[in-house]
Amino acid sequence: MTPDEDEKNEEVEMVEIFVMGKRYKVPKGLTIMTALEYAGYKFTRGCGCRGGFCGACSTVFRTKDEYKLRMDLACQTAVEDGMFLVQLPFMPAVREDYDIDEVDPEERENVLLDYYPEIARCVSCNTCTKACPQDIEVMDYVQAALRGDVERTAELSFDCIHCGLCSIRCPADIKHYHMAQMARRIHAKYNQPESDELDKRVEEIKEGKYDDEMEKLVNMEEEALKKRYDERDIKEEG
Amino acid sequence: MKLKKLRGDIDFMEKVEELSDESLNSCIQCGTCSAGCPFVEDMEILPERVFKHITLGNIDEVLEHNTMWICAACYTCSVRCPRDIDIAKIMEAVRQIVLRADIDMVDVDEVDNIEELPQLAVVGCFRKETG
Amino acid sequence: MEEGYLYYPGCTLKAKGSDYESSAMKVMEKLGKPLIEMEDWYCCGAVQSLAEDDIMHQIAPIRTMCCAQEEGEEELITLCDMCYNVLRQANDRMKEKEDDLETMNEFLDEDPDYEAGVEIYHLFHILEDMKSEIEEAVENPLDGLVVAPYYGCMLLRPDNVAVDETEDPEMMENFLELLGVEVLDNPKRTECCGSYHTVNRSDIVEKRVEDIVSYAAGEGAEAIVLSCPLCQFNLDFHQRATEFEIPIFYITELMALAFGLDIEMKNHKIDPRTLLKEKGILE
């Protein structure tokens, strides 16, 4: 390191982290993701939106003074001194195939149990809920599914980003997020009222109402496009 | 491979007594348990035979017969045993030793018509027959 | 609870066993002590885990009891025999074994500690104290209906959770007599229906059903009455393997009919309406 860099480092508080057992010193205040990049890692897997929404950067870690095994998203979690971590770029959990036209919950009372029978092994240990970075009541939605309550399963699981952390330690080997996605799709198709506005918009798109505007955007220069994006209409929050 | 480890590495009787907190040597082989058991017809060997085999160290006899899997934990034997042995707990201990060796007796994906079944049956079956 | 009883449904009563819940709700409403479902509850696990070192399978029932505790209640009522048995055994275990309770509470660290102060009761415990109310509520005595009571296992065994005499119970008989039915002596009333073997050894259940139903039919039973949704399913669904067609009622269904209340009876495989019309109980 050059004397200049050394000086810079003295100003910034550094913390010690261990990535797959190897020790690094990284600036405090970085997220796990940016800290890994600071340390020289380049993400080719397990990195996506960087905004806590895509579920790609699942990370499992322990902190120095706590015995608990914690799980969270790398892009949303700040590094801590003594953090001992590893990333899980993929969860092995096969999604069950189904025909959306054959899963009417009115006709098939226990349809979720049929496609995911392992939900009957749930012991209510709550490991899934503790692992969820979106604060979803995961155990509660599994229990709802076991009871045949598709609506409640869909509602409780709405914020799920499919990071898979719930499923990795489940003692019953449940594939929570796949099962919940099926519940949401069933709920949307069979329970929710149809949206006339959506149907209308789809028609408009098919008729080519937005073709010219799309064409313009696609062919815009990068700078002009960035400017257009920065100046877009944003709805005020609240 | 798993069953081999089961047979070789553990003191089976000790493990059964530990998991059940019951004494197998209290059994006097009176047969009251078998007499009251509603499922005894489908058991390959009788309950009290299972206990005798455990005390004699004949683990194969226990593991190769279906007795503990036909038991439905109805507790009839436990309430009638003249020696006050909680037989249901001993059966449970034998089941647990097998299940904890990562051997499942039922494949959750192979259940026919799971939708027709009451949750009680599915949950109960998986609890008793999967690890 | 002043206004009624805190009620734990269990998964099955929300699905296949819904006839039991819907009739029980109406019956208890009529008797002036409605069942009020818990805000949060968890699948009890259906069968009690009997291994000494197994705390994990006690988590589910204890979570439910903790929910009852947090709702400020000390009494929790169940309709389902199996749920009663599991909750009761798990609760008793926590009361007797302080170490287990401590381990449990440490594990459930994000939730309030369970203090083992909640008591579990079955519907029969409640009805036992309401005999005069039941008698008063009967509008259409079910005269002429000959029934065999069936207890199954979970209400009577093991000894420490039994709601009545393990080998010779008579609670249900007493309730049924208040409804005007002719109650048969049923020596097979405490024998297991086959329980969860219905999942992958239905041949075993069929044998049990043949045994239990043929005996009751031999004594002249026109219907069998019980309080467990798994027993109801086994005796009802698997009766097709026998030569009989005896409807299997939940006790609260008969009570509702005697009270003159409308009930659904939508999950019965053997349609009870034929018999009920014959007897003039339904039009």
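What you see is a predicted model; the values in this text were computed from it and never measured.

### Observations regarding the overall build of chain A
Helix and strand counts for chain A stand at eleven helices and five strands. The C-alpha atoms of chain A give 23 Å as radius of gyration, which overshoots the globular expectation for 238 residues (18 Å, by more than 25%). In terms of its C-alpha atoms, chain A occupies a principal-axis envelope of roughly 70 × 55 × 35 Å. Within chain A, counting contacts between residues at least 6 apart in sequence, those at least 24 apart form 58% of the total.

### Observations regarding the overall build of chain B
A tally of regular secondary structure across chain B gives nine helices and zero strands. For chain B, the sequential pattern of α-helices and β-strands runs α-α-α-α-α-α-α-α-α. At 15 Å, chain B has a C-alpha radius of gyration in line with the 14 Å of a compact globule built from 131 residues. With respect to the principal axes defined by its C-alpha atoms, chain B has extents near 45 × 35 × 25 Å. Within chain B, the fraction of its 131 residues that count as buried is 44%. In chain B, 65% of the contacts between residues at least 6 apart in sequence involve partners at least 24 apart.

### Comments concerning the environment of A:A131
Relative to the helices and strands, A:A131 is located in helix 4 (residues 127-131). When residues no more than four places from it in sequence are discounted, the contact partners of A:A131 are A:M71, A:L165, A:C166 and A:R169.

### Remarks on the environment of B:E14
Position of B:E14 relative to the elements: it lies in helix 2 (residues 12-20). Expressed as a C-alpha distance, the spacing of B:E14 and B:L24, which sit ten residues apart in the sequence, is 9.6 Å.

### Overview of the interface of chain B and chain C
With 32 residues of chain B in contact, the opposing surface of chain C contributes 35 residues. Put simply, the parts of the chain that give the side of chain B that touches chain C at least two residues each are helix 2, helix 7 (76-80), helix 8 (87-100) and helix 9 (119-129) of chain B. Considering every element that reaches the side of chain B that touches chain C, the biggest residue donor is helix 9 of chain B, with nine residues. Here the residues of the side of chain B that touches chain C sort into 19 nonpolar, six polar and seven charged.

### Concerning the sheet that holds strand 5 (residues 83-87) of chain A
Residues and elements named next belong to chain A. Across the sheet, five strands lie side by side as 2-1-5-3-4; this open sheet has mixed pairing. Strands with a single pairing partner mark the edges of an open sheet, and in this sheet they are strand 2 (22-27) and strand 4 (70-73). Across the sheet, the mean angle separating the axes of adjacent strands is 35° when strand polarity is ignored.

### Here's the deal with the interface of chain A and chain C
Opposite the ten residues of chain A that make contact, chain C presents eleven residues. Partitioning the side of chain A that touches chain C into residue classes produces four nonpolar, four polar and two charged.

### Comments concerning the packing of helix 2 (residues 59-70) of chain C against helix 3 (residues 81-96) of chain C
The angle between the axes and the distance between the axes are what describe a pair of packed helices. Residue and element names in this part refer to chain C. Put simply, helix 2 and helix 3 touch, their axes get as near as 9 Å, and they point 85° apart. If you check the angle between helix 2 and helix 3, you find them roughly perpendicular. Every residue of helix 3 that contacts helix 2 at P61, I62, T64 and M65 is listed here: V86, L87, A90, N91 and M94.

### With respect to the sheet that holds strand 5 (residues 146-149) of chain C
Residues and elements named next belong to chain C. Strand order in the open sheet made by the four strands is 6-5-7-8, with parallel pairing throughout. Looking at which strands have only one partner, the edges of the open sheet turn out to be strand 6 (182-183) and strand 8 (248-250). Relative to strand 7 (residues 223-226), strand 5 runs parallel, the two being bridged by three bridges. When the bridges of strand 7 are listed, P149 appears paired with V225. Packing against the sheet, helix 9 (residues 229-237) makes contact with strand 7 and strand 8, and its axis sits at approximately 160° to strand 8.

### Re the nonpolar core
Of all hydrophobic cores here, the largest spans 190 residues; its most connected members are A:L112, A:I119, C:V147, C:I224, C:V225 and C:L254. Counting residues per element, this core draws most heavily on helix 8 of chain B, at eight residues. Contact partners of C:L254, with chain neighbours within four places excluded, come to C:L142, C:L179, C:V181, C:V225 and C:F249.

### Focus on the domain arrangement of chain A
How large an interface is tends to be reported as the accessible area lost when its parts come together. All names here are of chain A. As assigned here, chain A comprises domain 1 (11-87) and domain 2 (100-191). Distance between the C-alpha centres of domain 1 and domain 2: 29 Å. On the domain 2 side, the residues contacting the eight residues of domain 1 number seven residues. It is strand 4 that contributes the most residues to the side of domain 1 that touches domain 2, three residues altogether.

### What about the environment of A:P171?
Residues and elements named next belong to chain A. Tracing the backbone shows P171 in the loop between helix 7 (165-168) and helix 8 (176-191). The exposure class assigned to P171 is exposed, which follows from the 12 C-beta atoms found within 10 Å. With 29 residues separating them in the primary sequence, P171 and K200 have C-alpha atoms 46 Å apart. Ignoring sequence-local partners within four residues, the contact set of P171 consists of V123 and C125.

### Some remarks on the packing of helix 5 (residues 138-146) of chain A against helix 8 of chain A
Residues and elements named next belong to chain A. Interaxial distance between helix 5 and helix 8 falls to 11 Å at its minimum, and their mutual angle equals 55°. The angle between helix 5 and helix 8 places the two elements in the oblique class. Relative to helix 8, helix 5 is oriented so that their crossing is left-handed. Where helix 5 abuts helix 8, its residues V138, Y141, V142 and A145 lie against H176, M179, A180 and A183.

### What to know about the pairing of strand 5 of chain A
Residues and elements named next belong to chain A. Of the two faces of strand 5, only one is covered, namely that formed by M83, L85 and Q87; the face formed by F84 and V86 stays uncovered. Here strand 1 (residues 14-19) runs beside strand 5; their pairing, made up of three bridges, is parallel. By the bridge assignment for strand 5, V19 is matched with L85. In this structure, strand 3 (residues 58-62) lies alongside strand 5, joined through four bridges in antiparallel fashion. Residue pairing across strands places T59 opposite Q87, the latter belonging to strand 5.

Scoring rules and cut-offs
- Residues numbered from 1 in each chain as written.
- Chains lettered and ligands numbered in written order.
- Predicted model: local features only at pLDDT ≥ 70, side-chain atom pairs only at ≥ 80, totals over all residues.
- Helix = DSSP H or I, 4+ residues; strand = E, 2+ residues; numbered from the N terminus.
- Rg over C-alpha atoms; globule rule 2.2 N^0.38 Å.
- Contact = placed C-beta atoms within 7 Å.
- Buried ≥ 20, exposed ≤ 12 C-beta atoms within 10 Å, placed from the backbone.
- Nonpolar A, V, L, I, M, F, W, Y, C, P; charged D, E, K, R; others polar.
- Pairing = 2+ DSSP bridges.
- Axes fitted to C-alpha atoms, helices over the stretch in contact; angles between N-to-C directions.
- Parallel < 35°, antiparallel > 145°, perpendicular 65-115°, else oblique.
- Core = buried A, V, L, I, M, F, W, Y, C linked by C-beta atoms within 7 Å.
- Domains from an automatic or database assignment.
- Left-handed = near helix turned anticlockwise from the far one by under 90°.

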